[in-house]
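One letter stands for each residue in the lines below.
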Amino acid sequence: MRTLIAANWKMHMTRSQAQSTARQLTEKLEGKLPENREILILPPFTSLETVAGVISGKDGFSLGAQDFYPAEEGAYTGEVAPGMLLDLGCGYALAGHSERRHVFGESDELVGEKLAYGLEKGLHMILCIGETLTERNNGVIREVLSRQLRTALDSARVRNSLGSGLSVAYEPVWAIGTGEVARPEDIREAHAMVREDLMTLLPQIGEETGILYGGSVKPDNISQILGIDNVNGVLVGGASLKPDSFSAIALG
Ligand code: 13P
């Protein structure tokens, strides 16, 4: 299975910073990536075109969006439609990143609508899920992950539109941007739960759907994380902003 190393730049970088960072990454990584490894860059909307220009024609690099609104077009001030992202060269998009859920109050239902809509439009969708610290302390991780997966994936719309590809990113909310990385046994356990649910919800692709880990991934923990069962890639925030640290992760 392909290993996806994704850089979620969140709300960072002007166009010139994005251009310089993307250029340095392509210089450091092109032709050096381990086999079956793909680099996905998720810049803010304003830098998508800039990054597209830098990575165009570069082997092993893809472009994606951090979010979108699930409609063709219309009176949705401030929002961006999947068709606009495809037009800029995006092949991927996230749905349900924890910051969308917790800072902007996105419900499981809205995340599910985005997931189905993005797949229907031909985007490879990365569904982000994860428990909060309170949920972890209350021992309800299984329920939370299963609910987030079921609400998004248990639909005929999803089952009928899997052609463009689906991945799941497990990002424990308490490990995002905190420097606190989940223990290998926690990651192993959570990814096994996700795999089991994927096999039940989408038996035709459950086994080969990539499951990414996200939360304080750094150059010094990447090889351990990628060695854990059912970890098929990573979604990197803070450490993806610096070419040196992200390229070390990409090669790790
Ligand atoms: P950090 O790598 O900064 O913890 O962020 C993880 C994340 O949210 C990636 O989507």
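About the thresholds
- Residues numbered from 1 in each chain as written.
- Predicted model: local features only at pLDDT ≥ 70, side-chain atom pairs only at ≥ 80, totals over all residues.
- Heavy atoms only, no water.
- Helix = DSSP H or I, 4+ residues; strand = E, 2+ residues; numbered from the N terminus.
- Contact = heavy atoms within 4.5 Å.
- Salt bridge = Lys/Arg side-chain N within 4 Å of Asp/Glu carboxyl O.
- Buried < 20%, exposed > 50% of the residue type's maximum accessible area, 1.4 Å probe, protein only.
- Near = heavy atom within 4 Å.
- Polar contact = N/O pair within 3.5 Å; in protein donor to acceptor, adjacent residues only side chain to side chain.
- Areas by Shrake-Rupley, 256 points an atom, 1.4 Å probe, with all protein chains shown as cover.
- 1 Å grid on protein atoms, 1.4 Å probe; cavity = no way out; pocket = protein on both sides within 12 Å on 5 of 7 lines; lining within 4 Å.
- Sits in = over half its atoms within 2 Å of the grid points.

Asks: Which residues make up the environment of Glu208, and what values do they have?
Replies: Residue position: Glu208 is located in the loop between helix H9 (184–201) and strand E7 (210–214). It is 9.6 Å that separates the C-alpha atoms of Glu208 and Asn232, two residues lying 24 residues apart in sequence. Not counting the four nearest positions on each side in its chain, Glu208 is found in contact with Met1 and Arg195.

Asks: Lay out the pattern of salt bridges in plain terms, naming residues and giving numbers.
Replies: In this structure the tally under the stated criterion is 19 salt bridges. A salt bridge links Glu106 to Lys114; its shortest N-O distance comes to 2.7 Å. Judged on exposure class, the residue Glu106 and its partner Lys114 are both buried. Several salt bridges share partner residues, and in doing so they unite Glu131, Arg136, Arg183, Glu185 and Asp186 into one network.

Asks: So what's going on with helix H2 (residues 48–55)? Residues and values would help.
Replies: Counting buried residues in H2 gives six out of eight residues, a clear majority hidden from the surface. For H2, the full list of buried residues reads Leu48, Thr50, Val51, Ala52, Val54 and Ile55. At its buried positions, H2 is contacted by helix H1 (15–29), strand E2 (37–42), strand E3 (61–65) and helix H3 (82–87). One or two positions beyond H2, positive phi appears at Gly57, with a value near 80 degrees.

Asks: An account of the site of the ligand is needed here, citing residue identities and associated values.
Replies: Near the ligand lie 13 residues; those nearest to it are Lys10, His97, Gly177, Ser216 and Gly238. Contact distances for the ligand include 2.9 Å between an oxygen atom and a side-chain N or O atom of Glu171. Protein contacts shield 95% of the accessible area of the ligand, which totals 310 Å² for the unbound molecule. Here the ligand occupies the second largest pocket.

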